[in-house]
Every structure is written in structure tokens, then in C-alpha cells.
Amino acid sequence: MIKPESPRSKASYTQMQPILETRSLDKFFPRTGGRVDVLRDCHFELPRAGSVAITGPSGSGKSTLLNILGGLDEPSSGEVLREGVALDFSDQGALTNWRAEVVGFIFQFHFLLPDFTARENLLLPIRGRRKVSGSDFERADRFLALTDLTDRADHLPGELSGGEQQRIAVARAFMNRPQIVLADEPFGNLDHEIGARLGETLFELGRAEDTGLVIVTHDPQLAARADRHLALVDGALVDGRMAGES
Ligand SMILES: Nc1ncnc2c1ncn2[C@@H]1O[C@H](COP(=O)(O)OP(=O)(O)OP(=O)(O)O)[C@@H](O)[C@H]1O
Ligand SMILES: [Mg+2]
């Protein structure tokens, strides 16, 4: 596996580079007799440990954009860069590394493994890469405490409420020390008040872990908490306030 360069040990020049950036990103899906244009010339920059919220109507391309940022899908043209270095979408090793170590994901549905306890679910992203160490257990327990789930550590997902399950999913996204956490409608399934509290936890974790956040949401209050609010309109990223979305 290709090892990531450590951003924290790099020269000061790279400290000024956005942790994540897109340039002239286009995405279309070929269809018989034509194509569906989803993203057109999308540009955005996420500063180190900054946060960007992305809103837009259903079908506007939010998940498509997030999947490209996460290396789960490739753009039709344009670039995704980390600290000024473009991700090579044709390099499977680079993609695997990107998904495992550069980004963490939070989806609308938690995708916890049902036969593993809350603590074990937190350790799974690490277990996929290497032997779990004592400090990993400590990190998992710290995250359980931060998400107020210490007394649920040994519960299976089926023994947790929906909000508790999603709290584990939020903590899990940070376990591998990713530089960027990508969240796609992370609290869309939850009661609004519970979602708002979990939104606070997400931003707290982002700050505490020095991690950039890209959050796709329909919730204007969550979007307003981010440093920047962008909206997808006709495939282009525009200022969320100008799009009347906050
Ligand atoms: N594999 C595909 N082939 C063809 N069209 C696709 C494909 N995947 C997505 N699309 C289309 O791309 C557009 C954007 O989809 P996307 O899932 O990114 O929307 P979204 O903004 O996340 O919507 P929602 O808010 O409902 O989750 C939609 O019109 C969708 O039908
Ligand atoms: Mg979506």
C-alpha cells in the first residue's frame, strides 16, 4: 500500500495549501442516446481543519461530488487535490490509500456492523489496516466518552438508539486520523434536536482532531455552522447565501 505523506511534517509551504481542492471538476453519466450532466466546472477549496457545507436540491449532485472527493467515483474531467497534489484516479493503490487514510466517511445510514460492539465498530477501520494497539483502544474509549457513550461501549448496534448508532458512526469516521471527514446527510434520519446536538459533536471533533469537514446537508442550521456554505445550482458550486439557501 502506498503510504501517505504526513502533512504535519511537511514544509510550511504546504501548510498554506488547501487540504482539499477541486479544479474544473465535471461529472456526467453516459446514458443511451446522450448523457446526464451532473457537475460542471466545480471549484472549491477546503482550508486545513476548515469546514464547508454543501446544500442543493435533491438530484443536484451533492452525493456525486462527495463520492468523487472520497475517491469512490471518478470525475469525467478536472482534478481533486490534497495539499496541491492531484489524486490519480487511475491508480488503484492511491485510491485505496485515499479512502482508508485521507478521508473518513459519515453516511445517512450508519453502516455499523451488527455483530460487533460499539467499541469494536470504532476499531474496525484500524483493524482493516494493521494490528490494533493499546493506544487505539484508548482512542476508541476517548471517542466513546466524547460522544457520551462510555456506558454503551459493549452494546451491539441493535441495542443502541438511532441517535446513539449515528454517534458511533461520527466517532468512527475520525478513528483513522483522516485529514478530511466527508458527511453525506449525516443526521437526515434523526429527530431534528438530536441531529443538532450531533452536529455540535461533529464540529467539536473536527476542531479537536484538526480535521477538515465537508458536510452535505438539507439543514440550513447545520450549514450555517460551517466556515463556508456552498450550494450546487445547475451543477455549479455557488455561494449558499446567494442561492438563498441560508
Ligand atoms: N450512475 C448513474 N447513472 C446515471 N445518472 C446518475 C447516476 N448516479 C447519479 N445519477 C444522477 O445524477 C444526479 C445527481 O445525483 P446525486 O445522488 O448526486 O444527487 P443528490 O444531490 O445527492 O440528491 P439527494 O439530495 O436526493 O441525495 C441525479 O439526477 C441522478 O439521477
Ligand atoms: Mg445524495
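Reading the values: rules and limits
Residues numbered from 1 in each chain as written. Chains lettered and ligands numbered in written order. Predicted model: local features only at pLDDT ≥ 70, side-chain atom pairs only at ≥ 80, totals over all residues. Heavy atoms only, no water. Helix = DSSP H or I, 4+ residues; strand = E, 2+ residues; numbered from the N terminus. Buried < 20%, exposed > 50% of the residue type's maximum accessible area, 1.4 Å probe, protein only. Near = heavy atom within 4 Å. Polar contact = N/O pair within 3.5 Å; in protein donor to acceptor, adjacent residues only side chain to side chain. Nonpolar A, V, L, I, M, F, W, Y, C, P; charged D, E, K, R; others polar. Expected span 1.5 Å × (residues − 1). Contact = heavy atoms within 4.5 Å. Axes fitted to C-alpha atoms, helices over the stretch in contact; angles between N-to-C directions. Parallel < 35°, antiparallel > 145°, perpendicular 65-115°, else oblique. Left-handed = near helix turned anticlockwise from the far one by under 90°.

Asks: How should I be thinking about unusual backbone geometry in this particular structure?
Replies: Trans peptide bonds make up most of the peptide bonds, and negative phi angles are found at most residues other than glycine. Its identity as a non-glycine residue notwithstanding, Asp-41 has a phi of 50°, on the positive side. By the secondary structure assignment, Asp-41 is in strand E2 (residues 34-46). A relative accessible area of 46% places Asp-41 in the partly exposed class. Here the phi dihedral of Glu-185 falls at roughly 50°; this positive angle occurs in a residue that is not glycine. Along the chain, Glu-185 turns up in the loop between strand E7 (180-184) and helix H7 (192-209).

Asks: Would you take a moment to explain the site of ligand 1 for this structure?
Replies: All residues adjacent to ligand 1 are Phe-29, Val-38, Pro-57, Ser-58, Gly-59, Ser-60, Gly-61, Lys-62, Ser-63, Thr-64 and His-218. Here Ser-58 contributes a side-chain N or O atom positioned 2.6 Å from an oxygen atom of ligand 1. It is helix H2 (residues 62-69) that contributes the most residues to the shell around ligand 1, three residues altogether. Among the residues making up the shell around ligand 1, the classes are represented as three nonpolar, seven polar and one charged.

Asks: Help me understand helix H6 (residues 162-174), please; the structure alone is not making it clear to me.
Replies: Spacing of three or four residues puts side chains on the same side of an α-helix, whose turn is 3.6 residues. Helix length check: H6, at 13 residues, gives a terminal C-alpha distance of 19 Å against a target of 18 Å (1.5 Å per residue), a fit within 8%. Most of H6 is tucked away: eleven of the 13 residues are buried. Turning to H6, its buried residues number three or more, namely Gly-163, Glu-164, Gln-165, Gln-166, Ile-168, Ala-169, Val-170, Ala-171, Arg-172, Ala-173 and Phe-174. In this structure, the buried residues of H6 make contact with strand E6 (103-106), helix H4 (118-127), helix H5 (134-146), E7, H7 and strand E8 (212-216).

Asks: How do you make sense of the packing of H4 against H6 when you look at a structure like this?
Replies: What describes two packed helices is the angle between their axes and the distance between those same axes. In contact at an axis separation of 8 Å, H4 and H6 are set at 30° when each is read in the N-to-C sense. Taken together, the axes of H4 and H6 lie roughly parallel to each other. Two packed elements cross with a definite hand, and for H4 against H6 that hand is right-handed. Where H4 approaches H6, its residues Ala-118, Asn-121, Leu-122 and Pro-125 are matched on the opposing element by Ile-168, Ala-171 and Arg-172.

Taken by themselves, the reported measurements are silent on function.
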